[in-house]
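Next come the chains, spelled out residue by residue.
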Amino acid sequence: MMMLFLGTLICNGQEKYEREFRIKKSQFPELRSDSILADGNIKRKRYYKEVDSLGATYILKFKKNRLYYHLTFNDSGELLNSGFRINEIDFPDETIHEIKRYLSGTFEKFKIRRMYQQYTIDKNVGEKSQLKNTFQNLLLPDNLYRLSVKGRKGKTRTDYDFWFNAEGHLIKKRTALPMNHDRILY
C-alpha cells in the first residue's frame, strides 16, 4: 500500500505548472542587446514574468506591423525564443491538416483559442539573425507551432498547450492552468 502511495506522488510531481503575471519595466532584466527595442514601429510594450516549477522566465510582448510578437528571456537577459501570434490561414496547408487530424482524434470536440509561430534560438547563430527571421515571418523547417486548445473528452473540458513541429507532428503537450482572475474585484 505504501509503494502505491509513493508511486502516485512521483507521477503527479512531473507536471509543469506555470503562471504568468505582468510586471513593471524596472523588474524586467537588462537585455544584452538593446537593439531589439530600437525600432520605432513597436507599440504596446508589456513586460511579464512567468514562474513555473523549473524557474522564472521573462516575456516581452509588443505589437509591430499589425502582428503581436513575444520574446522570451532568462534572468540574465539572454534571448530564449521568439515568435508571434498567427491565424489559421497563416499555416502551411499540410501542417494544419495534420494538426487538426491529431486534435480530432484526441478530443470529441475542441476549440483552438490561440496559435503562435515560434522560432527557437540557436546559440551558434547570433540573436540578430534569429530576430531577423522572426520579424520577416519566415517559414523555416525548425519552426514550432504552439496552440492553446480547449478540448472535451467525455464531460470534462480542459485547457491544453500543444507544440507541433513544421510537419504537424506533436512535440509536447501540457495541461494549462485556468486564467488568473485575481485582478477582478466584486
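Residues numbered from 1 in each chain as written. Predicted model: local features only at pLDDT ≥ 70, side-chain atom pairs only at ≥ 80, totals over all residues. Heavy atoms only, no water.

Looking now at the overall build of the protein chain. A tally of regular secondary structure across the protein chain gives three helices and nine strands. Ordering the α and β elements of the protein chain from the N terminus gives α-β-β-β-β-β-α-β-α-β-β-β. Entry remark: accessible area of the protein chain is about 12400 Å², with carbon and sulfur atoms responsible for 52%. (Helix = DSSP H or I, 4+ residues; strand = E, 2+ residues; numbered from the N terminus. Areas by Shrake-Rupley, 256 points an atom, 1.4 Å probe, with all protein chains shown as cover.)

Checked against the element boundaries, Asp161 lands in strand β8 (residues 156-164). Reaching out from Asp161, the side chain makes a polar contact with the side chain of Ser148 at a distance of 3.3 Å. (Polar contact = N/O pair within 3.5 Å; in protein donor to acceptor, adjacent residues only side chain to side chain.)

Glancing now at the packing of aromatic side chains. Counting across every chain of the model gives 15 aromatic pairs. Aromatic side chains Phe91 and Tyr145 sit 4.7 Å apart centroid to centroid with 45° between the ring planes, which places their arrangement in the tilted category. Here Phe91, found in the loop between β5 (79-86) and α2 (93-106), pairs with Tyr145, found in strand β7 (residues 144-153); they are 54 residues apart in sequence, far enough to count as distant. Its relative accessible area of 2% is what places Tyr145 among the buried residues. (Phe/Tyr/Trp six-rings, centres within 6.5 Å; stacked < 30°, edge-to-face > 60°. Buried < 20%, exposed > 50% of the residue type's maximum accessible area, 1.4 Å probe, protein only.)

Membership of the largest hydrophobic core comes to 30 residues, with the highest contact counts inside it found for Phe28, Phe91, Leu103 and Leu147. At the level of elements, β3 (55-64), β4 (67-73), β5, α2, β6 (109-120), β7 and β8 are the ones that each hand at least two residues to this core. (Core = buried A, V, L, I, M, F, W, Y, C linked by side-chain atoms within 4.5 Å.)

Further remarks concern the side chain of Asn165. Checked against the element boundaries, Asn165 lands in the loop between β8 and β9 (170-175). Residue Asn165 is classed as buried on the basis of its relative accessible area of 19%. Polar side-chain contacts of Asn165 include one of 2.8 Å to the backbone nitrogen of His169. Among all residues touching Asn165, those that are not within four sequence positions of it are Thr95, Asn143, Leu144, Tyr145 and Ile171. (Contact = heavy atoms within 4.5 Å.)

Let us look at the pattern of salt bridges. Within the structure shown, the criterion is met by six salt bridges. We note a salt bridge from Arg101 to Glu98, for which the minimum N-O separation is 2.4 Å. One end of the pair is Arg101 and the other is Glu98, both in helix α2 and three residues apart, which spans about a single turn. With a closest N to O distance of 3.7 Å, Asp159 and Lys150 form a salt bridge. (Salt bridge = Lys/Arg side-chain N within 4 Å of Asp/Glu carboxyl O.)

What is shown is where atoms sit, not what they do.
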